[in-house]
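Next come the chains, spelled out residue by residue.
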Amino acid sequence: MSPTPATFGLPTQPASYSWEATDEEVAARYGIPIGEIVRFDLNTSPAPPDLVGRILAAGVFDAPLSEYPPTDYRRLVETAAAVYGVATDELVVGAGADEILDLIGKAFLPAGSSAVIPIPTYAMYSVITEQRHATALLVPRLGADREYALDIPATRAAAAEAEVVWLCSPNNPTGLPEPDGAIETLLDVIAVDATVAGRAPAIVALDEAYAEFVGASLLALRHRHPNLVIVRTASKAYALAGLRVGFAIARPETIARIVPYRPPGSVSTISVTVVTEALADPRGMRANVARVDAERERLADALREVGWSVGPTVTNFLLVDFASVERAAEVATGLLQRGLVPRTFGAGHPLAHALRLTIRDRAGNDRLIAAAHEIEVVRAAGGSAR
């Protein structure tokens, strides 16, 4: 069970994501009944919206399950375009945001090129960059005291020779959006620098996987910046991670460069049908966001009361700073032994001293709070977190 989000093996091997341990693996390793495992590491939701059960029970889908899904995902595209307020030729569907990120890499990152990655951020940006045989230009974000905001001058400088800039707002795993105007400013200066240099501006891929939790998006910036590609997903606020549906949104001429790399039928017929209905009826999404809003401060305050340093967040997860790698590892082990799976960061990661914890339902969060108390009581008595 590796704590690292991405592993880089031999130079001859492609970069790859280090898959999270399954519930079965956690249960076997720690001797816990599988039904007692709670995932605090995946930023997913405790349950899907009610409409999923109704659709599956009815058994009526966009196409018979014996056939491939509609090649253009027409109904899903039309519904998503209406929800996001864009034209249908400004949107492409993929099997989750991760496939969308992969399509962006295929479309815009030729071998030998480079991509800017402000770190810490989502691990897949580095994986995709290296799989395209491109160079990842890692630009440290500002520190925790500056809420891990983008270092605009440093990112601008790195982008001058890059083909892609990977951004995430709200950022995973730090939990906060970029300051107002920061991304717009970055887009503006990238455009100016490209004009002066006589080159096309870098594609700016902006991952808005957590946008619904803040109720805001920078989609409108695509009108002035054809190099902007927004990434959205049904996995987080819509609570449909298992269906794997994501979207790229950009100007038509930019989408036209991505579409040739879209594999046929990678999104299943069931996924197409359910996500179409979930987008059309946002009550389930709104209820899920309300659940997170109701639990976020309660959970954060309770963990602070036991002495944990919980950072600010607008998302469905908390980032907890334990000040040292050893202490973070000790707490992670204590949680795992109680059936609670935290998100850890590997040696050398900028957040190796921290844990990321998903905001679950009240019962799950209460288990986490109780475990935190137990771990701190044992520590105060001179024992280990175990």
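Preceding this paragraph is the structure being described.
Residues numbered from 1 in each chain as written. Predicted model: local features only at pLDDT ≥ 70, side-chain atom pairs only at ≥ 80, totals over all residues. Heavy atoms only, no water.

Here we take up the overall build of the protein. When you go through the protein residue by residue, the secondary structure sums to twelve helices and 14 strands. Taken against the 2.2 N^0.38 rule, which gives 21 Å for 386 residues, the C-alpha radius of gyration of the protein at 21 Å falls within 12% of a compact globule. The proportion of buried residues among the 386 residues of the protein is 54%. Long-range pairs, those at least 24 residues apart, make up 71% of the contacts in the protein between residues at least 6 apart in sequence. Accessible area for the protein stands at about 16300 Å²; split by element, carbon and sulfur atoms hold 55% of it. Charge-centre separation for the protein: the mean point of 34 positive side chains lies 1 Å from the mean point of 45 negative side chains. (Helix = DSSP H or I, 4+ residues; strand = E, 2+ residues; numbered from the N terminus. Rg over C-alpha atoms; globule rule 2.2 N^0.38 Å. Buried < 20%, exposed > 50% of the residue type's maximum accessible area, 1.4 Å probe, protein only. Contact = heavy atoms within 4.5 Å. Areas by Shrake-Rupley, 256 points an atom, 1.4 Å probe, with all protein chains shown as cover. Lys, Arg positive; Asp, Glu negative; His and termini not counted. Charge placed at Lys NZ, Arg CZ, Asp CG, Glu CD.)

Let's shift gears to unusual backbone geometry. Residue Ser169 is joined to Pro170 through a cis peptide bond whose omega torsion reads -5 degrees. For Pro170, the position within the fold is in the loop between strand E7 (164–168) and helix H7 (182–197). For the peptide bond that leads from Asn172 to Pro173, omega is 25 degrees, which places it in the cis range. Tracing the backbone shows Pro173 in the loop between E7 and H7. Phi is positive for Tyr73, which is not a glycine, with a value near 45 degrees. Looking at the secondary structure, you find Tyr73 in the loop between helix H2 (51–58) and helix H3 (74–84). Taking relative accessible area as the criterion, Tyr73 reaches 2% and is therefore assigned buried. Backbone geometry places Ala323, a non-glycine residue, at a positive phi of 75 degrees. Looking at the secondary structure, you find Ala323 in the loop between strand E12 (317–321) and helix H11 (325–336). Ala323 sits in the exposed class, given a relative accessible area of 71%.

Here we have three strands laid out as an open sheet, ordered E11-E12-E14, and antiparallel in their pairing. Taken across any chain shown, the strands that pair with only one partner, and hence form the sheet edges, are strand E11 (309–310) and strand E14 (354–358). The pairing of E12 with E14 spans five bridges and is antiparallel. Within E14, the position partnered with Val320 by the bridge is Leu355. (Pairing = 2+ DSSP bridges.)

Summarising the element assignment, Thr79 is placed in helix H3. The class of Thr79 is buried, set by a relative accessible area of 16%. Engagement of the side chain of Thr79 in a polar contact is seen with the backbone oxygen of Arg75, the distance being 2.8 Å. With sequence-adjacent residues up to four places away left out, Thr79 is seen in contact with Thr276, Leu279 and Ala280. (Polar contact = N/O pair within 3.5 Å; in protein donor to acceptor, adjacent residues only side chain to side chain.)

Evaluation of the coordinates by the stated rule reveals 26 salt bridges. Across the pair Arg156 and Asp193 runs a salt bridge whose closest N-O atoms are separated by 2.7 Å. With Arg156 in helix H6 (residues 152–159) and Asp193 in helix H7, the pair connects residues that are 37 residues apart, well separated along the chain. Residue Arg156 is classed as partly exposed on the basis of its relative accessible area of 32%. For Asp193, a relative accessible area of 23% puts it in the partly exposed group. Residue Arg283 is joined to Asp281 by a salt bridge in which the shortest nitrogen-to-oxygen separation is 2.8 Å. Take Arg283: its relative accessible area is 60%, and that puts it in the exposed class. The network of salt bridges with shared partners includes Glu295, Arg298, Arg362 and Asp366. (Salt bridge = Lys/Arg side-chain N within 4 Å of Asp/Glu carboxyl O.)

We now examine the packing of aromatic side chains. Under the definition given, this model contains six aromatic pairs. Where Tyr122 meets Tyr125, the ring centres are 5.5 Å apart and the plane angle is 90 degrees; that geometry is what we call edge-to-face. In this structure, Tyr122 and Tyr125 share a single accessibility class: buried. When the ring of Trp308 is compared with that of Phe322, the centres are 5.0 Å apart and the planes differ by 75 degrees; the resulting orientation is edge-to-face. (Phe/Tyr/Trp six-rings, centres within 6.5 Å; stacked < 30°, edge-to-face > 60°.)

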